[in-house]
Structures are given as C-alpha cells and as structure tokens.
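So you can see what is in the structure, the chains are spelled out below.
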Amino acid sequence: MKIATYNVNSINARLPVVLRWLEESQPDVVCLQELKAIQENFPEAALLEAGYESVWHGQKSWNGVAILSRIGLPKETCRVLPGDPEDAHSRYIEAEINGILIGCLYLPNGNPAPGPKFDYKLSWMNRLLGHAQTLLRQGGPVILTGDFNIIPTEADVYRPERWVNDALFRPETRAIFSALEEQGWTDAIRQIYPGQTIYTYWDYFRNAFGRDAGMRIDHFLLSPAVVPKLRAAGVDRDVRGWVKTSDHAPVWIEVEV
DNA sequence: ATGGCTCCATACTGGAGA
C-alpha cells in the first residue's frame, strides 16, 4: 500500500500537475494540503475519473485538506483537530482505509514569531500532541502525515543558521516534534534514510530548487503498529521541476498490508 | 533587512505562504 502526501498550493491551479503525478506515481492513498478552495470547488469528478474517491474539508482562500483513495472510499472519522471549538481553519481530516487510520494535517506556518500567528501554531501543535496521544492509546495502526511546517533538525534545512528565529525551526516548534517522537511515533523518512539530506520543499524565489536550497517539512509519523510494516519511502523530486508546479514535492511511503 | 515567486480575493493591489 503506497501512501503519499502533497501540499498542492491550490488544488484547482494544480489539477493538471496532480493528475499527471497520480498517473506516474500510482499511490493508493493521497493526503493533500492547501486546497485553497471552498467545499463546492473541490475537483471531485476529475479525481474520480482518475480512479480516486475523496473526502475533503475546504475553506475559502486558504488551507483545506483532503484524503484520496483508489482502494475504497475513505471512512472519515473526523474533520477537525479536537481541542478548540473556536478554530475555523480547515487543517485536519482523518479517515480509516484498509484497517489503517490516516490523519492528514496542515500545521500552521506560525510566522512571524513571536506573535499571534506563532501562538496559534503552538496551540495547534499542543492540540495535535493531545490527539496523537489519544490515537496511540487506541493501539491500532495510525499514520499522521502532511505538511507539518516543522524542520525537525539542522540536517533538514539548507543553511540552518538562517532559520534559527523562524517559526518552522524555533526551539519551541522542534520540541513538539521531539515530543511526538517521545510519545512513540516514528519519522518514516528518517527510518529509511537516517543520514541523507532529504528535502520536500523549495521556495519559488531565487531558483531555490535549482540550487537545492530546500527543507524537509512534509512528514510521515508512524504508530508502533505500522513501523514493522514500513517497506520504502521517497520524495518525487522531479514533480517540483514541472511547469506550474507547487513549491512542495510529493512524499510517499510503502507499507505492507 | 529586503526581495525574490505564486496563489487568492465581489481584485488592477495586498495578504499569505515558508
């Protein structure tokens, strides 16, 4: 079972790229972030035609998350991260597919830090930590994936000294990622590639992709029940070089089922 | 410190992204 995550930076602006990538990469399950579309404007029919059934949670202008599957309709378990009834951002959707619970998340960027946006990021991360603990206690196979907007270590960004005060790399942010690992979650990309430089995002400016000035912020966290089933992982870097592409590349893992 | 690029919005500029 091949599971991918892809921050598309607008599903409608990106539809041709997404359809070409689905055809070439053949993932069974896909988590999308930054749909930037209201609920009614999600391209459900075009994705069905490509063989994928979807559940999604749209929002005007920003955010928005979706889970696609070609192995049966995702059984949605929730579409809001628990812990704050006032939070109107569409940043989390969760569904069960093939006996595995998949959480698709778009964690807040948090810049500038400090400030209200960073406070929101910290509060959202703490809610994630709480929900992650609940999921672990249930004991079943769970995969939390998406755009975490967290650079976990110095090895995960080009020129880390430039990012020390950034919301993606500040100690408070990295501490939450460490806390997730201490809870019992495994960073799948680092499990497969412990010492390699792996990036999943390159900004649109200054030929960042051409210079490989990137960062690793799209992650897969595996619950203990999934770790022994992990077979492979990768980043579809070539997609980042396509015309009218996202600033993120798709990331994927393969698990035995 | 800024800006470079791309997206969205009852748009012809400004906010957000990372």
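Now for a description of the structure that goes with this document. (Residues numbered from 1 in each chain as written. Chains lettered and ligands numbered in written order. Predicted model: local features only at pLDDT ≥ 70, side-chain atom pairs only at ≥ 80, totals over all residues. Heavy atoms only, no water.)

Attention now goes to the sheet that holds strand β12 (residues 218–222). Within a sheet, each strand pairs with its neighbour through backbone hydrogen bonds, oriented either parallel or antiparallel. Here we have six strands laid out as an open sheet, ordered β5-β6-β7-β8-β12-β9, and mixed in their pairing. The open sheet is flanked by β5 (75–78) and β9 (186–187), the only strands paired with a single partner. Alignment of β5 against strand β6 (residues 92–97), held across three bridges, turns out to be antiparallel. For Glu-76, the partnering residue across the bridge sits in β6 and is Ala-95. Against the sheet, helix α3 (residues 116–138) contacts β6, β7 (100–106) and β8 (142–147), and its axis sits at roughly 20° relative to β6. (Pairing = 2+ DSSP bridges. Helix = DSSP H or I, 4+ residues; strand = E, 2+ residues; numbered from the N terminus. Contact = heavy atoms within 4.5 Å. Axes fitted to C-alpha atoms, helices over the stretch in contact; angles between N-to-C directions.)

On to the sheet that holds strand β2 (residues 29–33), then. Ordered in space as β3-β4-β2-β1-β14-β13, the six strands form an open sheet in which the pairing is mixed. Two strands close off the open sheet at either side, each with one partner strand: β3 (53–57) and β13 (230–235). Mean inter-strand twist for the sheet, computed between neighbouring axes without regard to direction, equals 15°. Relative to strand β14 (residues 251–255), β13 runs antiparallel, the two sharing five bridges. Bridge pairing in β14 places Leu-230 opposite Val-255.

Shape descriptors only; they carry no functional weight alone.
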